[in-house]
Amino acid sequence: MVENNRWGNIFAHLVLILGVAIVVFPVYVAIIASTHPPGTFVRGVMPLWPGTNAWENYTTVITEGRSRAGTPPIGGMMWNSFIMAMAITIGKLSISIISAFAIVYFRFPFRIFFFWIIFLTLMLPVEVRIVPTFQVVADLGMLNSFAGLSIPLIASATATFLFRQFFMTVPEELMEAARVDGAGPMKFFKDILLPLSITNIAALFVIMFIYGWNQYLWPLLITTDPDYYTIVMGIQRMVTGGDSEPLWHLVMATVVLAALPPVLVILFMQRLFVKGLTETEK
Amino acid sequence: MASITMDDLHKVYAGGVQAVTGISLDIEDGEMIVLVGPSGCGKSTLLRMVAGLETISSGTLKIGDRVVNNLEPADRDIAMVFQNYALYPHMTVYNNLAYGLKNRRIPKSEIERRVREAAEMLEIGAFLDRKPRQLSGGQRQRVAMGRALVREPAAFLFDEPLSNLDAKLRVQMRVEIRQLQKRLGTTSLYVTHDQLEALTLADRLVVLNGGVIEQVGTPMDVYRKPASTFVAGFIGSPAMNMISMDYLRENGAGGAVDHLPSGTDLVGMRPDDLVVGAGPEDAVTLKGHVVLVEPAGAESHIYVDLTGSKQPITVRIAGLPELAEGAEVQIHALREALHPYNRETGRRTDTDAAHGPTSVSRRSHVGITS
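Rules of the game
Residues numbered from 1 in each chain as written. Chains lettered and ligands numbered in written order. Predicted model: local features only at pLDDT ≥ 70, side-chain atom pairs only at ≥ 80, totals over all residues. Heavy atoms only, no water. Helix = DSSP H or I, 4+ residues; strand = E, 2+ residues; numbered from the N terminus. Rg over C-alpha atoms; globule rule 2.2 N^0.38 Å. Buried < 20%, exposed > 50% of the residue type's maximum accessible area, 1.4 Å probe, protein only. Contact = heavy atoms within 4.5 Å. Areas by Shrake-Rupley, 256 points an atom, 1.4 Å probe, with all protein chains shown as cover. Lys, Arg positive; Asp, Glu negative; His and termini not counted. Charge placed at Lys NZ, Arg CZ, Asp CG, Glu CD. Buried area = accessible area lost by both parts, 1.4 Å probe. Salt bridge = Lys/Arg side-chain N within 4 Å of Asp/Glu carboxyl O. Phe/Tyr/Trp six-rings, centres within 6.5 Å; stacked < 30°, edge-to-face > 60°. Lys NZ or Arg CZ within 6 Å of the ring centre and 35° of its normal. Expected span 1.5 Å × (residues − 1). Arc of directions from axis to C-beta. pLDDT = per-residue confidence, 0-100. Pairing = 2+ DSSP bridges. Axes fitted to C-alpha atoms, helices over the stretch in contact; angles between N-to-C directions. Core = buried A, V, L, I, M, F, W, Y, C linked by side-chain atoms within 4.5 Å. Polar contact = N/O pair within 3.5 Å; in protein donor to acceptor, adjacent residues only side chain to side chain. Parallel < 35°, antiparallel > 145°, perpendicular 65-115°, else oblique. Left-handed = near helix turned anticlockwise from the far one by under 90°. Nonpolar A, V, L, I, M, F, W, Y, C, P; charged D, E, K, R; others polar.

1. Quick look at the overall build of chain A
Then, number 1: Looking only at helices and strands, one finds 13 helices and 0 strands in chain A.
Then, number 2: The order of helices and strands in chain A, counted from the N terminus, is α-α-α-α-α-α-α-α-α-α-α-α-α.
Then, number 3: Taking 19 Å as the expected radius of gyration for a compact globule of 282 residues, we find that chain A reaches 24 Å, considerably beyond that expectation.
Then, number 4: Overall size of chain A, expressed as C-alpha extent along the three principal axes, is 75 × 65 × 30 Å.
Then, number 5: By residue count, 40% of the 282 residues in chain A fall in the buried class.
Then, number 6: The long-range share in chain A, meaning contacts at least 24 apart out of those at least 6 apart in sequence, stands at 70%.
Then, number 7: Looking at chain A as shown, the accessible area adds up to about 15800 Å², and 72% of this sits on carbon and sulfur atoms.
Then, number 8: The distance from the centre of the 16 positive side-chain charges to the centre of the 16 negative ones in chain A is 3 Å.

Take a look at the structure:
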């Protein structure tokens, strides 16, 4: 800012603080709630200061879960979610970068046609095609399996499209230089295109991981075996399962734990992301 | 090291656009050939055909004794320097140089030796661990050259390598490229649209226009005897003045041009060959008034509108003239400085004559070594 207006600064900060407060407050409440003993919430008053039961609540959800209500300990569910999110992310990234490579760098019949077919699927979210997809997965015997959890969600028009846009900005001379240097298409892809795409891959990794981690409807549909429950649907089962009042303190502890991996991914990837941004140049 | 032989090369793009139409050219081993022409003349296409980056529609291309029409660029034993350098941005300078060698499975110690050698030759030894983006334009240019050098190819291909540099650096790199090429004695094909670069670099110059060769020759041959009005206008700066025979006859210069071969209806005169003031009896003398004087340091360009014709002509003189804009002037050109052309064919009319060059620029005796 050129102008150094004191009151302007204060006002701007007030607005920003207010905005952050609105966003952070629910998260704060969740964290606070996970530290109180059972029964606090039944009274109908939300405490705003940490309680004393944090250790107990967290050890309960991690080691026991709510076995009586059919919810396993969350360690297993976290692991399932992690496997599913990683499978979706890595699958999406590899398939879309390869198809973008094919579309941009190879001249084959109906190239544009295939591109538009991929692009069209952008307009169909998972929910729209969920019934036929379920039928296919069921017929293939992939219910209650990691394959069933991840494979139907792997195809990604968005990532293909983004990679295509990125590849088109890579100067053609780089490819030609590589050809003169004796690098075939695959070598060019591995030695030049992939390293140049690192930032894009990091950014998409974050987005895709969160997408995969937060999958709710699909796992709910195709898993009936608690061994394959994911954490996000686990939370839902915790709230609705059982005869008693929802045990909010445990639910909130689970919520906090479920939010951790995406946060970690963002923190870790952000470093790579920024590093990539500052060190790469086309 | 090898010769390059082009025999009736054609390039037709999908859609029927003819980029290169029947080019035949023999490049001798160790020769530096410059392809020059305006944009769209097919010079880059031709170079890329030699490189293997464009397919050859018809004709034969040989590098050495091998027909390379259908070989991949990497198998043609050539190295190319690109206009925008095309360095691999994520690799260090060392790896940029080494990449092509690694792909050829050359032993590590040999790669190391070649890279160090090239780096020393190009004075980029201090930057080997840096990434391209940490280098200046001139240094990147050197790295791009180095990448070609380490390959020790049969031929170097340069695609307007200096056009992204500033003027001063361009001159410096031009000199260095020429010295390097002479020292290594590697056959080179160099594309540029800059006629000065072409004149200074080439052993032989190939002027292209519309996908065909207008003229091939040593720079001084081309400069002294442009084979067509196109070459006359393209090589030499400022461009050659073209005055119609009719105008010359009507304005009393007929006697000086009557000896030109029949079929001549355009007479070319280089700005350097025009002299302000009255000349000898048999010189072409023109009258006009000064429109603009452009001082350019050691020389000045005078723009003159001829009397009785709207045609502007350019005169180049040394130093600064004592001429005001609007002044009436007489200018003359010696008989030997006339270039006769036919307007319709665009060709020179005195080329069939066996008696050698008739038009010799006064200055061009200096430093002809071809």
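Past the structure itself, the notes keep going.
2. As for the overall build of chain B
Then, number 1: Secondary structure assignment for chain B yields 10 helices and 18 strands.
Then, number 2: The dimensions of chain B, computed from C-alpha atoms along their principal axes, are 75 × 45 × 40 Å.
Then, number 3: For chain B, restricting intrachain contacts to residue pairs at least 6 apart in sequence, the fraction spanning at least 24 positions comes to 66%.
Then, number 4: With an accessible surface of roughly 16000 Å², chain B has 49% of that area assigned to carbon and sulfur atoms.
Then, number 5: Once the 40 positive and 45 negative side-chain charges of chain B are each reduced to a mean point, those two points are 8 Å apart.

3. Comments concerning the interface of chain B and chain A
Size of an interface: often given as the accessible area lost when the parts come together.
Then, number 1: Across the boundary between the two partners, chain B contributes 26 residues, which contact 20 residues of chain A.
Then, number 2: Around 2000 Å² of area is buried between chain B and chain A when both sides are counted, 54% of it from carbon and sulfur atoms.
Then, number 3: The three residues of chain B that bury the most area against chain A are P89(B), H90(B) and R133(B), which together make up 27% of that side's buried surface.
Then, number 4: In this structure, the connection of chain B to chain A is made through 3 salt bridges.

4. Thoughts on the packing of aromatic side chains
Then, number 1: Inspection of every chain in the model, using the stated rule, returns 24 aromatic pairs over all chains.
Then, number 2: Their ring planes at 55° and their centres at 6.0 Å tell us that F156(B) and F158(B) sit as a pair that is tilted. Both residues of the pair, F156(B) and F158(B), belong to the buried class.
Then, number 3: One Lys or Arg, R164(A), reaches over the ring of F115(A) and ends 4.1 Å from the middle of that ring.
Then, number 4: A cation sits over an aromatic face here: R147(B) above Y88(B), 4.9 Å from the ring centre.

5. Some remarks on the side chain of S197(A)
Then, number 1: Along the chain, S197(A) falls in the loop between α9 (185-196) and α10 (198-213).
Then, number 2: Here S197(A) falls in the buried class, since its relative accessible area comes to 0%.

6. A word on helix α3 (residues 108-122) of chain B
All names here are of chain B.
Then, number 1: Relative to the 21 Å expected for 15 residues at 1.5 Å per residue, α3 spans 21 Å between its end C-alpha atoms, a close match to the ideal helical length.
Then, number 2: Along α3, the residues classified as buried are I111, R114, V115, A118, A119 and L122. Down the axis of α3, the buried set is contained in an arc of 130°. They therefore lie on one face. Away from its buried face, by an angle of more than 90 degrees, α3 presents the exposed residues S109 and E120.
Then, number 3: Considering only its buried residues, α3 is in contact with α2 (93-103), α4 (137-149) and α5 (167-184).
Then, number 4: Positive backbone phi, at 55°, marks E123, one or two positions downstream of α3.

7. Here we look at the confidence of the model for chain B
Residue and element names in this part refer to chain B.
Then, number 1: Residue-level pLDDT values for chain B average 88, and 95% of them are 70 or greater.
Then, number 2: Taken as a whole, residues 353-370 scores under 50 in pLDDT and shows 24 contacts with residues more than four places along the chain or in a different chain.
Then, number 3: Quick note on the complex model: pTM equals 0.80, ipTM equals 0.82.

8. Thoughts on the pattern of salt bridges
Residue and element names in this part refer to chain B.
Then, number 1: All told, the structure shown has 21 salt bridges over all chains when counted by the stated rule.
Then, number 2: E112 is the salt-bridge partner of R116, the closest N and O atoms lying 2.9 Å from each other. Note that R116 and E112 are positioned in helix α3 at a spacing of 4 residues, about one turn of the helix.
Then, number 3: Judged by relative accessible area, R116 falls into the partly exposed class, the value being 41%.
Then, number 4: For R316, the salt bridge identified is with E299, shortest N-O distance 3.4 Å. You can see R316 sitting in strand β16 (residues 312-318) and its partner E299 sitting in strand β15 (residues 299-306), a full 17 residues away along the chain.
Then, number 5: Members of the salt-bridge network, linked through shared partners, are E110, R113, R114, E117 and E152.

9. Here's the deal with the sheet that holds strand β6 (residues 78-81) of chain B
Picture the strands of a sheet paired through backbone hydrogen bonds; they go either parallel or antiparallel.
All names here are of chain B.
Then, number 1: Strands sit in the order β6-β7-β8-β3-β9-β10 across an open sheet of 6 strands; the sheet is mixed. Each of the sheet's edge strands pairs with one partner strand only, and the pair in question is β6 and β10 (212-217). Taking the axes of each pair of neighbouring strands and ignoring which way they run, one obtains an average angle of 20° across the sheet.
Then, number 2: Inspection of the sheet shows strand β3 (residues 32-36) paired to strand β8 (residues 187-192) by 5 bridges, in the parallel sense. Bridge pairing links L35 to V191 in β8.

10. With respect to the nonpolar core
A general tendency of soluble globular proteins is for nonpolar side chains to be buried together.
Then, number 1: F167(A), I192(A), M6(B) and L189(B) are the most contacted members of the largest nonpolar core, which has 84 residues in total.
Then, number 2: For this core, the element with the most residues is helix α3 (residues 74-105) of chain A, which contributes 10 residues.
Then, number 3: Apart from the residues within four sequence positions on either side, M6(B) is in contact with I23(B), S24(B), L25(B), I27(B), L46(B), V50(B), T60(B), L61(B) and L189(B).
Then, number 4: Residues V81(B), L97(B), L165(B) and L205(B) belong to the second largest nonpolar core, which totals 47 residues.

11. Considering the environment of N57(A)
Residues and elements named next belong to chain A.
Then, number 1: The topology assignment puts N57 in helix α2 (residues 54-63).
Then, number 2: Overall, the relative accessible area of 3% leaves N57 in the buried class.
Then, number 3: Between the C-alpha atoms of N57 and H249, which are 192 residues apart in sequence, the distance is 7.0 Å.
Then, number 4: Excluding its chain neighbours within four sequence positions, the residues that come into contact with N57 are S34, T35, H36, H249 and L250.
Then, number 5: A polar contact is formed between the side chain of N57 and the backbone oxygen of H36, at a distance of 2.9 Å.

12. Here's the deal with the packing of helix α8 (residues 172-180) of chain A against α9(A)
Residue and element names in this part refer to chain A.
Then, number 1: At a minimum axis separation of 10 Å, α8 and α9 run at an interaxial angle of 150°. Here α8 is positioned roughly antiparallel relative to α9, judged by the angle of their axes. The way α8 lies across α9 gives a crossing that is right-handed. Listed contacts from α9 to L174, M175 and A178 of α8 are F188, I192 and L196.
Then, number 2: Residues of the contact of α8 with α9, tallied by class, amount to 6 nonpolar, no polar and no charged.

13. Re the packing of α9(A) against α10(A)
Packed helices, taken two at a time, are described by the angle between their axes plus the distance between the axes.
Residues and elements named next belong to chain A.
Then, number 1: Closest axis-to-axis distance for the α9/α10 pair is 4 Å, and the angle between their directions is 55°. Considering the angle they form, α9 stands oblique to α10. For the pair α9 and α10, the contacting residues are L194, P195 and L196 in the first and I198, T199 and I201 in the second.
Then, number 2: Here the contact of α9 with α10 is built from residues that sort into 5 nonpolar, 1 polar and no charged.

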